[in-house]
Amino acid sequence: MSIQIYKPNSKNSGSAFTFSKSKDKKSGQPVFYISAIAQHSWNEDTKTGSFAGNSKNPEKTINVKISETEAGSFLSSFESRYEYTAFHSYEGNNTTIKATPWDKKQKISKYDAASKGFVESDIEVPAFGITLSKGKGNSIKIALDPGEVELVKSMFNIFIEDFLKFKISLSESYSQKSSAKPKAEEAQDQDEFEDAPF
C-alpha cells in the first residue's frame, strides 16, 4: 500500500513524495520506503506540474528504506513536534532524512454577528516539512499539511504493527521447531555431568 503526495508549483521547485509499505520478497518481512522526485516542468495554461521527465534522473530522485525504529522516531517527532534527523550510508552514498515542524498560517471564515456576515481570519496549524538529501546539494523537500501528516502517521503505525506481528509469528515458529526436536541433555547419560563445574 502507498500514498502519493504531489506539490507542484509555478516556480518549478515542487516535488512529489511516495510513502509505501510492502513485504521483502525473500523473507516476507514488512518494509517501508520514502521516495521523492523533483518537479520537472510547469504548464501555465493548465496550471499543472509534471514529474515524469525526472523519473530516470538519479539527481532528481531519492529512494530511502525506513527501519521500524526510524518509523517510531518519525511518529514521536510528529506527535511531540520536534525536529528529527536520520542518516543513511550505502555504498559510499550518504542520505539524510529530516522532519521539521512548522506552524502554517491558514485562513478560516467565521460568522460575525455584528456584521451578520463571514469574516476571514488567520490561524496557525501544525504542519511538517520532510527533506531528503543525497550527497552534496541534492535535496528534495515537501510541506505536509495537518491532514497529510495524519495520513503519513497512519502509514507508519500500520508498518510498525505489521512488523511486530511478523516478529511474533517468526518467534512462535522458531519455538515450535525447537520444541519438536529432542533435547540433547535428555538423550545423554546424566552421570556425565556430575563433575561439571557449573
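Residues numbered from 1 in each chain as written. Predicted model: local features only at pLDDT ≥ 70, side-chain atom pairs only at ≥ 80, totals over all residues. Heavy atoms only, no water.

J.: With reference to specific residues and values, describe the packing of aromatic side chains.
T.: The full count for this structure, using the stated rule, is nine aromatic pairs. Centroid distance Phe74 to Phe156: 5.1 Å. Interplanar angle 15°. Geometry classified as stacked. Placement of Phe74 in helix 1 (residues 68-80) and of Phe156 in helix 2 (residues 146-180) is noted, with a sequence separation of 82 residues between them. Judged by relative accessible area, Phe156 falls into the buried class, the value being 0%. Seen in terms of ring centroids, Phe78 and Phe128 are 4.8 Å apart; in terms of plane orientation they differ by 85°. Their pairing is edge-to-face. One end of the pair, Phe78, is in helix 1; the other, Phe128, is in strand 9 (residues 117-134), with 50 residues separating them in the sequence. A single burial state applies to Phe78 and to Phe128, both of which are buried. One aromatic cluster is present, built from ring pairs that chain together Phe32, Phe74, Phe78, Tyr84, Phe128, Phe156, Phe159 and Phe163. (Phe/Tyr/Trp six-rings, centres within 6.5 Å; stacked < 30°, edge-to-face > 60°. Helix = DSSP H or I, 4+ residues; strand = E, 2+ residues; numbered from the N terminus. Buried < 20%, exposed > 50% of the residue type's maximum accessible area, 1.4 Å probe, protein only.)

J.: Explain the confidence of the model for the chain to me, using residue names and the numbers behind them.
T.: With 89% of its residues at a pLDDT of 70 or more, the chain has an overall mean of 88. Per-element confidence in the chain is highest for helix 1, whose mean pLDDT is 97, and lowest for helix 3 (residues 184-187), whose mean pLDDT is 49. (pLDDT = per-residue confidence, 0-100.)

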